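# Chains, contacts and geometry: an overview
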Amino acid sequence: MIAAGFQAETAVLVIPIVAAIVLALLPSYRLTAQLNVAASLLTFLAALSLFVIERPVPGEYVFVDDLNIVFIVLNAFVGLTASIFSASYVGHELETGRLTAANLRFYHAMYQIMMFGMNLAFVSNNIGLMWVAVELATLSTVVMVGIYRTHEALEAAWKYFILGSVGIALALFGTILVYMAARPVVGEGNDAMVWTLLVEKAADFDAALLNVAFVFLLLGYGTKVGLAPLHAWLPDAHAEGPTPISAVLSGLLLNVALYVVLRFKILLAASPDAIAPGPLMITMGLTSLIFAAFMLYRRRDIKRMFAYSSIEHMGIIVFAFGMGGPLANFAGLLHMVMHSLTKSAIFYCVGHIAQIKGTQKIADIRGLTETHPGLGWAFLVGVVAIAGLPPLGVFMSEFLIVSSTFAAQPLLAIPLVFGLLVAFGALVLRGTGIAFGEPTGSTAPSNASYLPIYAHLILVLGAGLYLPPPLVGWFQHVARLLG
Amino acid sequence: MNGLTFDIAHMLAGGLVLVSFMLLYQDRLYALLNVYALHALVLSLSVAWQAYVQDAPHLYVTAAIALVFKAGVIPIALHRIILRLGIHRDIETVVGIGMTMLAGMGLVALSMVVMLRVTPEADPLAREDLAFALSVLLLGLLVMVTRRNAIGQVVGFMALENGLVLAATGAKGMPLVVEISVAFSLVIAFVVIGIFLFRIRERFDTVDIGALDDFRGERR
């Protein structure tokens, strides 16, 4: 069984990397698009099998525990639906000549390398390896953001690259400091970077060093999470890259960075003398939420608007984990999953909408429910979901976050609710404008792939109506782990 | 630890901070690149000395990478890029040299205060090394924010990474995986940068970041 377990966690890494090589070699774009889906499906199945097999003993480099398994499965699932969406999306881009066949070959190979980097970040038990994985995932998305070669795309990629590199440099400095703190206790060499060993012995670490390390880690990885004021790369990167990448950036890559922050938060919580990471995270979370909520009103570009919405939701999630405690952690985890599913569904819709209308300007898109009912209503449901209206899943997690804040720190609930309401107003205003009214632009029928959109929205709706008890039990267990 | 080994390590790491300051006031691209090559050379010496002191042969590899790639290949390649693009003119700085230098001093003082205060129990060599490394890192950041030129920003970023290598080698016994990754990321970074420089040139006829601002998506 141990062998089988090891194989499953290796499989989520091996499949993408093999697929990347194969995709880089094959010329036909139809075939590669299908192979991309097939590889993502295999990865998803391998990730699912992690649930049933017996866990292997944590290794020096890779391990699977209750926390990362949730993320691996979510990652593989959104990776799969995004690849299905991507197959129909890039077909259209090729027809209109925005991308060439050579671009696509590169794009598909990079897509799998990005999936590999993200999965590696989740399963790595070594904080150095974790850093390398996040860096790999980032660099692969940088080149994809710049793939259209337009002025805006190049500027977005350059900004993303520079800011991301600075973030990752700060994160590496933080990692070195953690190693320095661990070395006297755990011993020299590789052991002092193995996360499971670090957590075991964190109580004896030098607290002052750990504190400084956490500040660097939070700032460094926080840049990737898109927390204000380190968010500047995010709207550009989301708006200018291909839409499947916007969906994956919002739905997954931000999660990867946040997951790494959570790992270090657990480490800090295990050391009694270290500062509480809560206040820092609460401050950054609230800043991001309120800042992004106001920025939502001034957006004229539809993808840019949802990029700001991602900053807003990452702020909410970081706030929830900063509050801590079983309920807030539970809500934070749930919100992470709900946000990933909803936001990627929205980006899938937006991708098709922008292709049909030939524009990303919000002002030029009207009356979508009349011309394209399937797409328009799905989009509206997505916007309603992300704005946090019942009965959808995001409402549930936001409600839990607000109520747990009221219970623990009533004063903090005021700015939180304020930010949520401001964002709600902006999203409903823009969402209804796009969905209703006098139709504008092209009314050509779309060859959209509805499967990924509806699959996500049904899951979000389902989670809002009824959460299965095993899932709740699992999340509660993980929430306790997070402290 | 005898006094001399400590003094030499101290001198080399301090020298790196000094060269970082020299990066701050260069106003010509070629000069900036030359100073960066010097920066990498001092780093390589410092890492080699750490390898000797810690008796860690694998650090010699890191030193060699710093010497060959960072002090040799990369500055030469950037030289050639500048030559091909014909942009060996002055660098526009965002704020004056005087203010930049003052800010740099402030950053060095800050990193000394922070690092020396939180590491009273670490061994003195690693402790001072870490403080210097943070100074180099922050000065690299400062170079990045005070240059409006893409190549200036790249040099700032590479100086920043040199600070990271200094920190990683100062942490005794840190596994090789990190050193390799730093070198690795640098190579990738360079590839990406190289591609971008050409693409930017293709599109804008300049590598001045200010030209990019005109195409900001927000202003459409």
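Heads up: the structure comes first, above all this text.
In this report, the structure presented in the accompanying data block is examined. Predicted, not measured: the structure shown is a model, and the values here were computed from it.

For the peptide bond that leads from Pro390 of chain A to Pro391 of chain A, omega is 5°, which places it in the cis range. With respect to the helices and strands, the residue Pro391 of chain A is situated in the loop between α15 (373–387) and α16 (393–408). Here Asp55 of chain B, not a glycine, exhibits a phi torsion of approximately 55°, which is positive. The residue Asp55 of chain B is located in the loop between α2 (29–54) and α3 (58–85) in this model.

Further remarks concern the packing of helix α9 (residues 233–240) of chain A against helix α12 (residues 302–323) of chain A. Residue and element names in this part refer to chain A. Where α9 contacts α12, the two axes come as close as 8 Å, and the packing angle between them is 140°. Classed by the angle they form, the pair α9 and α12 counts as oblique. Helix-helix and strand crossings are classified by hand; for α9 and α12 the assignment is right-handed. Only Lys303, Arg304, Ala307, Tyr308 and Ile311 of α12 make contact with α9, whose side of the interface consists of Leu234, Pro235, Asp236, His238, Ala239 and Glu240. Looking at the contact of α9 with α12, its residues break down into six nonpolar, one polar and four charged.

On to the packing of aromatic side chains. All names here are of chain A. Scanning all chains against the criterion turns up 23 aromatic pairs over all chains. With centroids separated by 6.5 Å and ring planes inclined at 40°, the aromatic side chains of Tyr107 and Tyr111 adopt a geometry described as tilted. Note that Tyr107 and Tyr111 are positioned in helix α4 (residues 101–123) at a spacing of four residues, about one turn of the helix. We classify Tyr107 as buried; its relative accessible area is 0%. Here the aromatic rings of Trp158 and Phe161 are separated by 6.3 Å at their centres, their planes lie at 45°, and the arrangement is tilted. In this pair, Trp158 and Phe161 both sit in helix α6 (residues 151–186), three residues apart, roughly one turn of the helix. Taking the relative accessible area as the measure of exposure, Phe161 reaches 3% and is therefore buried. Taken together, the aromatic side chains of Phe71, Phe122 and Tyr259 make up a single cluster linked through ring pairs. Across the ring face of Trp195, the terminal group of Arg263 is positioned such that the distance to the ring centre comes to 4.3 Å.

Another point: the pattern of salt bridges. Residue and element names in this part refer to chain A. Applying the stated criterion across every chain yields a total of five salt bridges over all chains. Here Arg98 makes a salt bridge to Glu93, at a shortest N to O gap of 3.4 Å. Under the relative-accessibility criterion, Arg98 is labelled partly exposed at 43%. For the salt bridge of Asp236 with Arg304, the shortest nitrogen-to-oxygen distance reads 2.7 Å. In this pair, Asp236 sits in helix α9 while Arg304 sits in helix α12, placing the two residues 68 residues apart along the sequence.

What counts and how
- Residues numbered from 1 in each chain as written.
- Chains lettered and ligands numbered in written order.
- Predicted model: local features only at pLDDT ≥ 70, side-chain atom pairs only at ≥ 80, totals over all residues.
- Heavy atoms only, no water.
- Helix = DSSP H or I, 4+ residues; strand = E, 2+ residues; numbered from the N terminus.
- Axes fitted to C-alpha atoms, helices over the stretch in contact; angles between N-to-C directions.
- Parallel < 35°, antiparallel > 145°, perpendicular 65-115°, else oblique.
- Left-handed = near helix turned anticlockwise from the far one by under 90°.
- Contact = heavy atoms within 4.5 Å.
- Nonpolar A, V, L, I, M, F, W, Y, C, P; charged D, E, K, R; others polar.
- Phe/Tyr/Trp six-rings, centres within 6.5 Å; stacked < 30°, edge-to-face > 60°.
- Buried < 20%, exposed > 50% of the residue type's maximum accessible area, 1.4 Å probe, protein only.
- Lys NZ or Arg CZ within 6 Å of the ring centre and 35° of its normal.
- Salt bridge = Lys/Arg side-chain N within 4 Å of Asp/Glu carboxyl O.

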